[in-house]
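Architecture at a glance
Residues per chain, in single letters:
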Amino acid sequence: MADDSEWMKLPIEQKCEHKLWKARLNGYEEALKLFQRIEDEKSPEWSKYLGFIKKFVTDSNAVAQLKGLEAVLAYVENAHVAGRTTGEVVSGVVCKVFNQPKARAKELGLEICMMYIEIEKAEAVQEELLKGLDNKNPKIIVMCIETIRKALSEFGSKIVTLKPIVKVLPKLFESREKAVRDEARLLAVEMYRWIRDALRPPLQNINSVQFKELEEEWVKLPPSAPKQTRFLRSQQDLKTKFEQAASSDGVDGDEDEEAPPQVDAYELLEAVEILSKLPKDFYEKIEAKKWQERKEALEALEVLVKNPKIEAGDFGDVVRTLKKVIGKDTNVMLVAAAAKCVVGLATGLRKKFGTYACLVVPTILEKFKEKKPNVVQALQEAIDAVFLTTTLQNVSEDVLAVMDNKNPSIKQQSSLFLARSFRHCTPSTLPKSLLKPFCAALLKQINDSAPEVRDAAFEALGTALKVVGEKAVNPFLADVDKLKLDRIKECAEKIELPGGKKVAGGAEKKDAKSATKTAPVAEAPPAKPAAPQKKAPVGKASGPPKKGKVAGGAGAKGKKAAVETKDVVETELSDEACEEKASAVLPASCMQLLDSSNWKERLASMEEFQKAVEQMEKSEMPCQALVRMLAKKPGWKETNFQVMQMKLHIVGLIAVKGNFSKTSALVVLECLVDKIGDVKCGIKSKEALTAIGEACSLPWTAEHVVSMAFAQKNPKNQAETLNWLANAMKEFGFSGINVKAFINNVKTALGATNPAVRTSAIALLGVMFLYMGAPLRMFFEDEKPALLTQIDAEFEKMQGQTPPAPFRGSIKKGGQDESEEAEEPDEEGGNDVMDLLPRSDIGEKITSDMVSKMSDKNWKIRKEGLDEVAAVINEAKFIQPNIGELPIALKARLGDSNKILLQQTLTILQQIATAMGPNIKQHVKNLGILIITVLGDSKSNVRAAALATLNAWVEQTGMKEWLEGEELSEELKKENPFLRQEVLGWLAEKLPTLRTVPPDLMLCVPHLYSCLEDRNGDVRKKAQEALPTFMMHIGYEKMFKATSKLKTASKDQVVSLLEKARTNMPAKPAAPVKAAASKPAGGVKSTPASAKLQPSPACDESEESVPDSKPDPKKAKSAGAAAKGKGVLGKKAPIKSNAKDEEDKSGPIFTHVPNGKEQRIKDEKGLKVLKWNFTTPRDEYIEQLKTQMSSCSAKWLQDELFHLDFQHHIKALTAMIEHLEDEKDATISCLDLVLKWFTLRFFDTNTSVLMKALEYLKMLFTMLSREDYHLNEYEASSFIPYLILKVGESKDVVRKDVRALLNMMCKVYPASKVFTFLMDGTKSKNSKQRAECLEELGCLIESYGMNVCQPTAAKALKEIAVHIGDRDNSVRNAALNTVVVVYNVCGDQVFKLIGNLSEKEMSMLEERIKRSAKKPAAAPVKQVEEKPQRSQGGNPNASLMRRPPSEEVPSKLNQSRSQNAHLEQSSPSIPREFQLDLDIIENDHTRVSEMPDLVQHKLDELLEPVLIPEPKIRAVSPHFDDMHNSIASTINFVISQVASGDINTSIQALAQIDEVLRQEDKAEAMSGHIDQFLIATFMQLRLIYSTHMADERLDKDDIVKLYSCIIGNMISLFQMEMLAREASMGVLKDLMHGLITLMLDSRVEDLEDGQQLIRSVNLLVVKVLEKSDQTNILSALLVLLQDSLLATASSPKFSELVMKCLWRMVRLLPESVNNINLDRILLDIHNFMKIFPKDKLKQLKSDIPLRTLKTLLHTLCRLTGPKILDHMTMIENKNESELETHLRRVVKHSLDQTSSKSDRETEKGANGMDEMASKSKVSDILAEIFKKIGSKENTKEGLTELYEYKQKYSDADIDPFLKNTSQFFQSYVERGLRMIELEREGKGRVQSSSSGISPQSADTFVPSSTTTAPSIPTNGEEVKPAVYLERLKILRQRHGLENNSKQQEERPLLTSLLSKPSAPSVASSTDMLHSKLSQLKESREHYHQELESNQSHMQSSMSTTSSATNLDDLKKRLERIKSNRK
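Residues numbered from 1 in each chain as written. Predicted model: local features only at pLDDT ≥ 70, side-chain atom pairs only at ≥ 80, totals over all residues. Heavy atoms only, no water.

1. So, the overall build of the protein
- Counting its secondary structure elements, the protein contains 108 helices and zero strands.
- Burial status across the protein gives 50% buried among its 2022 residues.
- Intrachain contacts of the protein at a sequence separation of at least 6 include 73% that bridge at least 24 residues. (Helix = DSSP H or I, 4+ residues; strand = E, 2+ residues; numbered from the N terminus. Buried < 20%, exposed > 50% of the residue type's maximum accessible area, 1.4 Å probe, protein only. Contact = heavy atoms within 4.5 Å.)

Okay, structure coming up:
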């Protein structure tokens, strides 16, 4: 294509990849124009460039590259898929653009990077740029730094992460290149603009001159904060805001708001590991007696802890050591030094030090008794540093404990510590529950005798007042006199909070702006309400923060508090003042008649009083004066009940309408209590009490009412008071109730004599139980059993009930109060119940003796210690947090090796959690986390105990404490499968119950991802379960971002799991009940919103939901809460909506949309919508289906169908079943959508939904069959594959239904096509699915005959036969059954169809066929019953019904045509009659030439869609346009014509295909059809070979022409590598077979152009070898060679040509070896060598096959080296062939370059000894055997093993092992081996019934005077002389004769004796003539005799003067020798 005109015609994509630079340049220019022209950012055009956009950037031609960069910039700016290319493009820019000399290129490269950042890919860009800093080319480094600087300057420090840049900055300053250093300096200056002094510490170590220069530059920078000038796509709203701010000349407020986030220098530092650097003698020195040594140790530690950031580790021992020094060291200088070390550790570790805080805080506080200022100062610094690592909650118990200390210094310093700590708090971190005990303690100290203590207490209280505001503190200062109160306020005014914090509860709005800066951690601009304001005092639920509101500190909740505070301090009025105020508002007559003696007048007065009160304004009503007037004589002693009722009613009225204070309440309460038991006035009294409760809060009212009632003796009043209280609790809720205040009164009531009082008390307890739960019973455990039974019965009654929603009291005071309150923990109720219980301090009971017992070495003593601890806890029941040294002792026991003690420890920890209650929180970090570690124990019972303990702790502490910090992530990091699966399972259970989680949960995500790929299946499963629960809190975006650090392979897997988890993500739990119930109106209104939001639960995390609807997050939250129905009000709302739903449900559920289905088919074909093809359904598929269904289904049905709750799916299915018969047409019109919805249900796990779905589907397919409807391809392909997935379901009932559906499917869809889907199903990993699919295939063949098999019977049967070798038994059986069915249909032909099976598989099959005992039958008649396709829509021609074929056609063809005429549907595939039955063509050679008569009349009409310049075919009839409008269907049709029996038809088809192949732009259309085309082609070759060439009537020129067309087509095809590589192995094998057969066909040579034809074939073969997929062609040739060598009829010439092809492939290997799948090739060679072992190959006439194979293997080994041995993964049993042996030999040969000697040794080894066993391994085995022989117990076993080893490895050398042993041992071993040999040979002889053994030989081994020598065998076996010599020696020894040393020397070696002779050695006849018993007896006797004779022999050889030794001496010596050998 050198000519320009050639490449100018190419499409843009091909130009861009062209080898000519001009073509590429032109391509880039056109691409640039195209990119600028496309308006739709989601256009499919963008995706075309994904694969090669990087090449634009890395173009080798500078001119083209420049234009390519411009195109890439346009692409990144406009394409929605550009983000996917970030890594590769930026990498290309860094490596290939930044080093260019042209400034324009670098400029464009930089701009591309910036554009990627703009489209949200900052992380990926930054990563590539940082990699570029490691490049060796300084130009690249300079440009990378400049790009980072520019990005930081424009986008700011929020988007460009500074931490990784800070790491590399010092290295850049050390560069040799000045340009790099200068650029680094500019970058440092830019960074300083953004983070200021936080940059100083990381740069401290650079060259001082450079640092000085930097500081000079930094000083010049303007003090104003920098602003972001360029914005991400997601920040466009922020951009608008900035522009508006700029236009309005920059308002001050905006400047304040846009301040950048303060960067903490600590975050930028690298952590230093110091534990390993501690001096080795640190712990010894710190305990030394000399103070100087202790000082040295502390100084060494102090140097290490000065590092500003310390790496986390186990600092427990270090902290305990420092604690000991601070607490007990007498040298105060060392105390100060230790305190400094604590400061260093706390500062360096920060939050990670929090675990150890509770260890040191009590000690430091106690040490404040020291007077020396330097020590006190050091301790203050230490405790302040420690406080910053923990929370006030955690240290509160320790501080409160020392507040009552006698030492004034300790009290003073504790108060000062509190004052300093309060400054770091906010109203949210200093709640009432904490403030209350602190205030109580500090109030005691303001009255202390020591002035310094008083001052400190005032300062602390003043700080608290400043931080949380007066409203929060005033309730605790109620009893403080004015003077002290003023002092506290004075202190508050003086205090300056860090960061200019404003007083939280103040009212000065001018400081509101500064209040926005109260959060030093995260001052986010208010423009983003979502930004975390970690310490901001704003109520979280009140929406986006507003300026005025922030100053309001405690939010609107303060209003309520303010009212209460004012009421509390309301002064009591005098009678005169009351009368004066009352007379001002009441009528004069009313005032006069109040004390009238006439009751009627008093009643009239009351009526006037009531009218006056009703008409009064709230602000005007003097409540106290009015109630005092009611008390005027006769007052509350009124005798007339009517007047009294009126009075009580008026009290209630005043309480409701006025500002009713507690002072006013106290005036009337006693009277109300007195009248509560009155029959007539009781009701009014209760109403008044309720009104007062609402005005003054129920807790206060209840406390006074109950105490007043029980101060009286009236049982009626007491009972009614309790009844009123029980009812009031239900109405007001339990919040704030002071249980402790009246629990004693309830106990009194329970002991009352009056049964009514007791009953009321029990009823009240029942109500309290609703709110408090089980802990309530603990107060009454001491009651009498009878009473306890009654209480338990009441509790039982209440069990499971939920408390009613409160509707009185603070609940009504507006949503804001409540929403604020909801955020705060419920101080008064809930967990606080536990605080009411009396707790004992067990700190003193945990003695040091007990602790030392628990750490004793003896496990029994440790158990004793644990038992004592358990007893102490049981006795105490409820304990205080102080448990002394117990945590440290228990911590050690959690690692106890004794599992019983470990379990006991866990039980104790469980007890402690229950006994300590919520206070256990402070022990979570130092003790609780260790419980998690125990979850990694290997024993399941220990893990279960640990999990129970963990849950017991969490029940008391909540999850927050456990998720904070790095401890949990550190546990997950451990690669312990048990630990991981338990922790993940636990998190999966707990996380969904939480509303919020600490941000530290994110630290667990990387470890969660590693668990997803863990080797352990259970870990992976648990990780997948936990994934959605993590996502619900962290969000999909963040979790997706976290995958960027994974490897590519891991990332893909994790991302797919994330997508799956996204669909299963649980919704966050709704707000607590009281919050939900607080807004009745809001609750109702939010219901519709909830309905809208329900289908998309992930809307908070995902931005990919419907683009139009962007619900407000707050509404969404409330809606979600309402939807969950947690609040009672949520129950009211649906009542109306249900009625509405019922009305809506009355109409039809499906609507018939004309041409709707056709349009959807077109959209899917045109790629306008996603093709329904997935492994698991993603969100976009569900959204797409939902959108499509909205037009044709009822709204309510759609809501039910796409609801998250399965119950709604069942409702929808029930409705669909009901409407099915009535709405047949509508259902059919949207059948494709209905079926798609069911595919989604197949991925659900709920069985009830699945069963309901299958029930509906059965009814649906029955209806479709009855209506004669037939599925189209579009419907079938989107449903059947997913239905087949369920055939592998584990539940039988499901499988049964699915199989029933598959049977019904054949009535509405061609069985042949169902067959194809089932064949795909057999490839599943699920063995059940494979088995069921195979069974179903058998049923189809049985029902419809062999024609159902697709694509051919042979191919299908080969695939089915593969499963006969499956590892799963059920699959094997199913495959065998299916093949047997085929056998029953077509007889022995089955063996030809299934191809080659292994012997084992073939024998299984033959056995199964025999067992089936059926004779082959003709194809069943039922095969004709496939239904004709019903016409679709309104087109009468859509159904293609063919007239019956003419009678001339042969019967077989006739039959198949008549069957096939009805099979296929019109669109989009080809009618079945145009597909060829290849088996029939092959088998019926008689009259195939007549076949065209059948199909000729309409064949050619279908070809119009392929545009041919000069068509030779007739015009297309109109109704075929619809059917064949797709290119694919046209190509299918034309290809089917290639194999036609009519030569002209075939030539025409080939000409059309050639036309397509010759045009590169059209050739792509052939992609996907290559196998189909090649099959048709070699079928035609086979047809020519077998039929046409033999037919004399045919013109040979036509045949040559046909051959030429075929070969020409093939050459065109195989010139295009892209298409050639699509050819599969099986097809290539058949093709090569056809081509080689053609080359060898002598008839072709005789043709006129025969030689030319063969040359063309030769050229074609070369093309096929070069261009095909190298793995496939090599594999095909190996299989072809194997087949040709097996086939007896095959000519040697054929095999020779195949081998020539293989040699050619071998020559190509150096270039192609990297692209070859070696595993597959080695599998094929293995199979070849299995069938043709070396011996068999040698037997062939020619040695060429063997040489070919060796050459191939040698070349592969040479090219890949030893790595080739790693590519044998696909071979199941390597021992079946000699492949591995041969490869190892060749590899070894090539490695050590040895001669053929090593080859021979390897071969020899292959016959005997396993070549894998190396020398070291052999020596290890022999050493083990000789060790056994030397041991007393295992001698016999060792000898047996040695004998077997020698038998197996005859050439093994054991001399080295015998050389160093004594002569006796050698003899013993030899004799033992000889005995075993004789025994075994004797047995062998008996078993084989060999005769000829002399009967006398029976006495060979009998020790008697007549013992004869062993007889010589009579069967002619040759025996070595050495055997006789050995036997002679044994006999000589038995008879006391000596064997001299000479004889011993001449005796052959043991190894030579043992080497197995070719013929069996002589067998002893002992085995045949003696029973086993006598053998054992004799052998024992022989053994003793031999030992004795050997011993005497050894002695004689050692000593010349040997004498007879007695038996005992011999035995002793023998024992001694044996023990020495051991």
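2. Looking at the environment of valine 1534
- Residue placement: valine 1534 occurs in helix H83 (residues 1527–1538).
- Put simply, valine 1534 and leucine 1550 are 16 residues apart on the chain and 8.1 Å apart in space, counted from C-alpha to C-alpha.

3. So, the pattern of salt bridges
- Within this structure, the stated rule accounts for 71 salt bridges.
- Its salt-bridge partner being arginine 1241, residue aspartate 1244 comes within 2.6 Å of it at the nearest N-O pair.
- Between aspartate 1297 and lysine 1258 there is a salt bridge whose closest N-O contact spans 3.0 Å. Here aspartate 1297 is found in helix H72 (residues 1292–1308), whereas its partner lysine 1258 is found in helix H69 (residues 1247–1266), with 39 residues between them in sequence.
- Overall, lysine 1258 belongs to the partly exposed group, its relative accessible area being 27%.
- The network of salt bridges with shared partners includes Glu111, Glu118, Lys150, Glu154, Arg230 and Arg233. (Salt bridge = Lys/Arg side-chain N within 4 Å of Asp/Glu carboxyl O.)

4. A word on the side chain of histidine 1203
- Mapped onto the elements, histidine 1203 comes out in the loop between helix H65 (1195–1201) and helix H66 (1206–1219).
- Among the polar contacts listed, one links the side chain of histidine 1203 to the backbone nitrogen of aspartate 1205, at a separation of 2.9 Å. (Polar contact = N/O pair within 3.5 Å; in protein donor to acceptor, adjacent residues only side chain to side chain.)

5. Quick look at helix H56 (residues 1017–1034)
- The end-to-end C-alpha distance of H56, which contains 18 residues, comes to 25 Å, matching closely the 26 Å that a straight helix rising 1.5 Å per residue would cover.
- Residues of H56 that are buried include every one of Val1019, Ala1023, Ala1026, Leu1027, Pro1028, Thr1029, Phe1030, Met1031, Met1032, His1033 and Ile1034, and no others.
- Those residues of H56 hidden inside the fold are in contact with helix H54 (977–990), helix H55 (1005–1012), helix H57 (1036–1042) and helix H58 (1048–1063).
- A distance of 2.8 Å separates the backbone nitrogen of aspartate 1018 from a side-chain oxygen at the start of H56, and that oxygen is part of asparagine 1016. (Expected span 1.5 Å × (residues − 1).)

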